[in-house]
Amino acid sequence: MKIIITRPVVITGDGGTRSFAPGLTVEVDAATAEQILTQQAGIAAEPVANTEAPATPRRRKSADAET
């Protein structure tokens, strides 16, 4: 899975310690991806097949209504 790193993160696992810096796009195994996403230090760079658009539309801000 490809992950875009949004915050510094250090992962320690069976393969040793790996550190990632913000702005990197890395391809990691599912277990490492889960750890990074759990720490809220990254976002999935690949669209997931089962995701759908939210059912509720975005609320308009007052600035949007004035234009």
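Scroll up to find the structure.
Residues numbered from 1 in each chain as written. Predicted model: local features only at pLDDT ≥ 70, side-chain atom pairs only at ≥ 80, totals over all residues. Heavy atoms only, no water.

Give me unusual backbone geometry: which residues, what numbers.
Its identity is not glycine, yet Gln-40 carries a phi of approximately 55°, on the positive side. Here Gln-40 is to be found in the loop between helix 1 (30–38) and strand 5 (42–44). Exposure remark for Gln-40: the relative accessible area of 54% places this residue in the exposed category. (Helix = DSSP H or I, 4+ residues; strand = E, 2+ residues; numbered from the N terminus. Buried < 20%, exposed > 50% of the residue type's maximum accessible area, 1.4 Å probe, protein only.)

Got a sec to walk through the pairing of strand 2 (residues 9–13)? Specific residues and values, please.
Alignment of strand 2 against strand 3 (residues 16–20), held across five bridges, turns out to be antiparallel. Bridged to Val-10 within strand 3 is Ser-19. Here strand 2 folds back onto strand 3, and the loop between the two strands holds two residues. (Pairing = 2+ DSSP bridges.)

Kindly report on the environment of Thr-12, identifying the contributing residues and their values.
Along the chain, the position of Thr-12 falls in strand 2. Taking relative accessible area as the criterion, Thr-12 reaches 57% and is therefore assigned exposed. As a C-alpha pair, Thr-12 and Gln-35 span 23 residues in sequence and 9.7 Å in three-dimensional space. For Thr-12, the residues in contact, after removing those within four places along its chain, are Thr-17 and Gln-35. (Contact = heavy atoms within 4.5 Å.)

Got a sec to walk through the nonpolar core? Specific residues and values, please.
By size, the foremost hydrophobic cluster in this structure holds 10 residues: Ile-3, Ile-5, Val-9, Ile-11, Phe-20, Val-26, Val-28, Ala-33, Ile-36 and Ala-41. Breaking this core down by element, the ones donating at least two residues are strand 1 (2–5), strand 2 and helix 1. The residues contacting Ile-3, other than those within four sequence positions of it, are Leu-24, Thr-25, Val-26, Val-28, Ala-33, Ile-36, Leu-37, Gly-42, Ile-43, Ala-44 and Ala-45. (Core = buried A, V, L, I, M, F, W, Y, C linked by side-chain atoms within 4.5 Å.)

Now, about the sheet that holds strand 1: what can you tell me, with residues and values included?
Taken together, three strands build an open sheet; the order of strands is 4-1-5 and the sheet is antiparallel. Single-partner strands in this sheet number two, and they are strand 4 (25–27) and strand 5. Direction aside, the axes of adjacent strands within the sheet are offset by 30° on average. Where strand 1 lies against strand 4, three bridges are found, and the strand directions are antiparallel. Bridge pairing links Ile-3 to Val-26 in strand 4. (Axes fitted to C-alpha atoms, helices over the stretch in contact; angles between N-to-C directions.)

Geometric descriptors of this kind do not, in isolation, establish any biological role.
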